[in-house]
Every structure is written in C-alpha cells, then in structure tokens.
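Examining the three-dimensional arrangement
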Number of protein chains: 2
Amino acid sequence: MSDSVQRPASPPPRPKARATIADVAQAAQVSKASVSRYLNGRTDILAPDMAERVQQAIAQLNYRPSPMAQALKHGRTRLIGLAVADVTNPFSVAVLQGAEKACQAAGYLLVLFNLGNEAGRERDAMHALSAYQLDGMILNRVETSAQLWHDAQLHGKPIVLVDRFMEGMDADFVTVDNPGVIQLALDHLQAQGFDEVLLVTEPIAGVSSRTARQQAFLRYLSRSKVLQGSVWESAAHNGPQLQQQLAQWRQAAVQAGRRPAVLAGNGVASLRAASAIHALGWVPGQELGVIGIDETDWAPLVGPGLTTVAQPTDALGQAAAQCLIERIQGKHSPARKIELPGTIIVRGSTASPKR
Amino acid sequence: MSDSVQRPASPPPRPKARATIADVAQAAQVSKASVSRYLNGRTDILAPDMAERVQQAIAQLNYRPSPMAQALKHGRTRLIGLAVADVTNPFSVAVLQGAEKACQAAGYLLVLFNLGNEAGRERDAMHALSAYQLDGMILNRVETSAQLWHDAQLHGKPIVLVDRFMEGMDADFVTVDNPGVIQLALDHLQAQGFDEVLLVTEPIAGVSSRTARQQAFLRYLSRSKVLQGSVWESAAHNGPQLQQQLAQWRQAAVQAGRRPAVLAGNGVASLRAASAIHALGWVPGQELGVIGIDETDWAPLVGPGLTTVAQPTDALGQAAAQCLIERIQGKHSPARKIELPGTIIVRGSTASPKR
DNA sequence: TTGTACGCGTTATCAC
DNA sequence: GTGATAACGCGTACAA
C-alpha cells in the first residue's frame, strides 16, 4: 500500500497547481504588487519593460487571477444567482438564456438555482447568496409571503424580481406587460368572432403574474359589450377534472348560441388545456378556439397550430440581468418596474368559428 | 446633488456585513481556533462549557463559515459545474434535475454553464472550472476533437462525460444504452408490421451519441431479414429539405409495397420530423409510422400521440453527479462507462399499418 | 516608479 | 485542552 502514503508537505494532492501571482512575479523578476498593477491596467505607472516581462510571464504560465481570492479581498465574486421556480418550464430556460447573455457580456458568471417549486429551497438559495458572496440574485419564484426573508439576511446584496412580484419588497421588477398580453389575446379572439372565453390558469395562489392576468381578463370583460367569460384554475394533476369542466362549459356556451374559446394563462396551462382537448377528441380551432400565453416548441404542431402570445423572454432575462448589474455597480434609485410587450403569433386554432 | 457624495471611508457601501469567525470568537470569549474546532466537530477535544458558549454565539450572530475563505485555504469549493450543449434541449434540463438532486444530497452546489452550441464557450467553461476552483465538472457537450483542451488545463480536477463521449479522454462516461434504445425502437416497429425505416438524426458531425445510434441502426438492419432502412441527417434550419426528402422517400417505399416508418434520433430530431410531417399534411400513424427517441411534453398531443423511447434522464444526471463526487473524494480507479436502459412508451403513431 | 507589509476569513501547526 | 500564528492568493496603503 505504498501509494497510500500521505506526504504532509506542501503540494501533495494536486499534481499541477494553478499559477499564482507570486509565480508570475518570480518569473518576471518583479514584485507581486507590480503584477497586480499590470493586471488592473495601471500600466501608466509601470515601466514599459516591466510590463513586457510581466505580460510574457503571464502568457507563459497561463496565469489567471483567482476570483475566489479576489472575492475574499473585496467582497465581490462576479457571480450572479438566478433562482427559478422550475427549470422544467421552458419560460424559465428562455429567461435564463437572456440573462446569461447580459451576464457574459458584463463579465459575470450566472449560477442557476432550481427551486423545484419547493419553498424550503428558496431559503437555501438565499443562504447561498450570502455564503458564496454572490454579487446579486435574480429571483423568479418567491414564497408569496414577503416577510419570510428580511432584507437583513441579504447583507445589502441587490435582488431583481422577474415575472413574479412581491408586495412590500422594494426591489426592481421585470415583467411582461400582462394587461397588454391579455388585451392582445382578447382583441384577437373578439376580432375572430369568439364571444365566450374561458381563462384556464394554474392555481392563482397569490402568484402575482397569475393574479395580474386574471384581473386584466376580468377588467377587459367588464368593459366589453360582446365578450363574456369565466376563469378555471387547473391544478397539477387533475387533468380529468379540467376535461370534464371543458366539456360542460362548451356545451352550455354552444347551447346559448355562443362561440367558445379557451385562453391558457401560460405555457403549463396551455399544455394542460391542449391535453384535455386532445383527450376529448376535439381539434383546436374546430370545436372551440384556443389561444395560449407563452410560445412553445410544440405550438405549431397540435391540430392546425396553436395561436400564442409570446413573451419577450430573452429581453426579460437581459433586462433583469442588466438591472441587477447596475445595482451591483452602485446605482441608487428607487425601485423600478420594467414592463415589456408581448407578441401575438396567429395560427389555426383561432380560425373564425362557423356560425 | 448631495446624495451623490461618495464617502471613501471603510464601510460605506455594505451596511450589514456577514459575521466572521472572529466575531464569534470574541462574542464567546474564546479563540478563533476553538470556534473552528467546534465547527469541524472536534467537540471531543473541547470543554463542554466552551462548546456551549460558541454554540450560542453562532446562533446569535447567525454565523455561517464562508465557503470562499475555505476554498482559499484548501482548494475545494463544494461547487460542481454542469456544462450542457444547449439548455433549450429538454434532455439537458432533465439531466440537470437529476444531477442537482445528487449534488444537493452530498452538499454540493451545482453551477450551470450553457454552451449554446458554441465551441468557444466550452473553453470559457473550462477556464471557469479552474478559475473558480470548481471541484469538478459534468460535461455534456464537447468539441469533437479531444486534443483541444489538454488535461493539464484541468489542474487535476475530475471530469465526467454525459451522453457524448470523446475518444482519448480517460474520464468516466454516463450514457443511455444506445444500442438497446435502437433495438427497443426497431423491435417495436418490426412487431407492428413496418419494414422500411428512415432514421432522422441531427447532423452526425462526430457527436458520439449520434454515431452510436446510427451504427446500432445500421447493424440492426444488416441482421434483420425484413427491415430495410436509410439515414437522413437533418440540419438546423432546412425544414423544407427534410419535408421534401420525406415525401420522396415515402412515395418510393409505398410504390415498392413497403410500410414506412420514421425513427427520430432524439428530441430535436423528433420536433423537426413532426414539423415536416405536419407541414405535409400527414398524420403520424396514418400515412407512416413515427417513433422518437426522447420523451417530450408534447409527444402525447401530436396526432394520435407519438410513440417514444424515453431516456432515464434523471438517473443519468444522478449517476453522473455521484460518479464525479466519488472522484472528487479521491476515488482512484480506471475510467468507467455507465450505461442505463431506455423505456419505450407506445402511442398511436406506431399503430399497425393497413396492408 | 517599485517593493514591503498587511489584511480579507479559514484552517492547521505549533507552543502553552 | 487551548490560544497565538502562519499560511492560502490577492489588492493596496505606505514606504522607499
């Protein structure tokens, strides 16, 4: 077992260690301070030949400063956290991509936390924020109660909220223009000749984006002369119930001589609604109109294609990240709310109903 | 503009700093060393009353040791990187979830890198591996040429490959059993009465998983008495071309009195194939059989439902992470290859063709 | 212009 | 048993 001997001396476990600033200094025959200055662009206070030697030593040793050590020194890690409710939701991934771009451009590294819809893991994410000294955090999901994590826990680290707001938190908030999205959808349905709309949404449960869409929906209805509608909350695993509800609702509408359409509140709700419709043997655009918020890969494929209102996910992610980075860099201004418009993509599922 | 004044003094920007081990020591009236011992569970070498005081001080100050400082000390960060070719691919996300579970259970934090199918960003990820002193990395995509990053770059950090292997790298490799998956699919097609199969795959381009599936496909055909087939590589944005190819191929098959089916090589290929079929006005299971590797959200919704062979994504992610963690903890053994089986999910798209 | 010395938060080694 | 102290890699006053 001679290979299990542990030499207690300095470099036993890592065969090839990273080059340090000291190594560079030695190779270039200068002091660590000079190397540091070179790295920080203080070349104006450096003799050209020294800069030259340092430059070569760095290249030769393939040296990169250690962000960890830098973090220890002045509290910044150039790490940004992104906590999403559920990576499984394509919306989250799309926002991630946007945020990633902005972070990369600004020299930050994006760290993903998947909260998996579990409240407890949100606390973990907050702990990680301070433990790993992340410079800031983009938060997509959040317990609906604001009090749970006091700002004191953040140690002054900035936070930007995406998609879901929380009353009583003064943090920047980036979201799609929910009333606008609802209006796009309902204007379109109305123009196509539908007049009875069912909003299928995930359980509202205090989630701000769902509340906002529901309220915009109801407000639109209250002002419309022709549109009527109602709301159905579809929980996780009660597909049959949704299916039954859809059947009853449609029958009543048709018997009343109305033209029914379903509006799905987001991508998940769209999937549930499409599944229920599929299970009933219906075809979107045939027995009823269908429109969904959130564009998805599969929207063009089901039936004659699903009409959707796409969120500007990439822009949302970028805006959130840029917003956060400004805060990190010390911008002091009252909390902002950034609202971006959605875009309608018309397909066959909202073809004008036969009279 | 009085609020734009910058105080250059010490604690202006961060109002509330984290508690340090020194704070705890002072509050508990002991030395930092004792606190450290307490934290590392050396309570057997600690006077009970001291332990008590330290315990209280820690609770009172809400103290947590700084992973960064620990990293500086002994090179481990308890951070694991996961570099995926493309977060947009649901397969990546599913693997991520599995890996996350295992990491969480072992007290590691998973950091996601989205390579966005760009070769350059893979180098960035490798740099981050050493710069942020990640303890290891799970790699999904990799430039097809192995030499590009020499092991020297890793500074002895372990790497585990997922889904895509690279010749000449001795790293652990976790993958679905590709020949088994192909066999499941073709056995099923044959049993249903199909005898002319087109494998639609993303461009092979040296990607090991695609190569493996293609080879297994061809091998199966060469041994089968009834099945014939061919391969079509579908590139990113040439939907029309795929569509045209499908039409020609099917017509030839039918004219020869054969029963055609498409086998899509992964989720992305499934989407492309389904789109082309949709654009041709065909229905899966009607004009031709369709089966896809990778289960997707939308598989049940298109036509009579798409038959798929699901990869054990969660298990793949977990296995990869566990594997890596063993390496991190010093396990020395020759590089392993872990192969997990797939599962077939039969739906209407592979209904027996009418004679 | 350049080098020396110290501190960031931890842990490990040594004396006490 | 316990406490001072030296490192880890880096930035930066301060001294030269």
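The notes below deal with the structure included here. Please read all numbers here as calculations on a predicted model, not as lab measurements.

The rules behind each value
- Residues numbered from 1 in each chain as written.
- Chains lettered and ligands numbered in written order.
- Predicted model: local features only at pLDDT ≥ 70, side-chain atom pairs only at ≥ 80, totals over all residues.
- Heavy atoms only, no water.
- Buried < 20%, exposed > 50% of the residue type's maximum accessible area, 1.4 Å probe, protein only.
- Helix = DSSP H or I, 4+ residues; strand = E, 2+ residues; numbered from the N terminus.
- Arc of directions from axis to C-beta.
- Contact = heavy atoms within 4.5 Å.
- Buried area = accessible area lost by both parts, 1.4 Å probe.
- Salt bridge = Lys/Arg side-chain N within 4 Å of Asp/Glu carboxyl O.
- Polar contact = N/O pair within 3.5 Å; in protein donor to acceptor, adjacent residues only side chain to side chain.
- Nonpolar A, V, L, I, M, F, W, Y, C, P; charged D, E, K, R; others polar.
- Near = heavy atom within 4 Å.

For the rest of this paragraph, the subject is helix α4 (residues 67–74) of chain A. Along α4(A), the positions that sit buried rather than exposed are P67(A), M68(A) and A71(A). Axial view of α4(A): buried residues confined to an arc of 100 degrees, hence all on one face. Considering only its buried residues, α4(A) is in contact with α4 (67–74) and α6 (119–131) of chain B. Count one or two residues on from α4(A) and you reach G75(A), which has phi positive near 70 degrees.

Taken together, the contact between chain A and chain B spans 52 residues of the former and 52 residues of the latter. A per-residue breakdown of the area chain A buries against chain B is headed by M68(A), Y132(A) and L301(A), which together make up 17% of the total. Run the count over chain A and chain B and you get two salt bridges. The salt bridge involving R121(A) is made with E100(B); its shortest N-O contact spans 3.5 Å. Linking chain A with chain B are 13 residue pairs in polar contact (both at pLDDT 80 or more), by the criterion used here. Elements represented by at least two residues in the side of chain A that touches chain B include exactly α4, α5 (90–105), β2 (109–114), α6 (119–131) and α10 (267–279) of chain A. Broken down by class, the residue content of the side of chain A that touches chain B amounts to 24 nonpolar, 17 polar and eleven charged.

A few words now on the protein's contact with DNA strand C. The environment of DNA strand C is formed by 27 residues, the closest being R37(A), A47(A), I21(B), Y63(B) and Q70(B). Near the protein, within 4 Å, the atoms of DNA strand C are sugar or phosphate in 64% of cases. Between DNA strand C and S34(A), the relevant distance is 3.0 Å, taken from a phosphate oxygen to a side-chain nitrogen or oxygen of the residue. One of the backbone nitrogen or oxygen atoms of S66(B) is found 2.9 Å away from a phosphate oxygen of DNA strand C. The set of elements that each furnish at least two residues to the surface near DNA strand C consists of α2 (32–39) and α4 of chain A together with α2 (32–39) and α4 of chain B. Element by element, the count of residues in the surface near DNA strand C is highest for α4(B), at five residues.

What follows is about the environment of L227(A). Residues and elements named next belong to chain A. With respect to the helices, strands and loops of the structure, L227 is situated in the loop between α8 (208–223) and β7 (228–233). Of the residues examined, L227 reaches a relative accessible area of 3% and is grouped as buried. A C-alpha to C-alpha distance of 9.6 Å links L227 and G193, two positions 34 residues apart in sequence. Not counting the four nearest positions on each side in its chain, L227 is found in contact with L186, Q190, F194, D195, V197, Y220, L221 and R258.

This part covers the pattern of salt bridges. This structure, assessed with the given rule, holds 27 salt bridges over all chains. Salt bridges sharing common partners tie together D172(A), E326(A), R327(A), K331(A) and R336(A).

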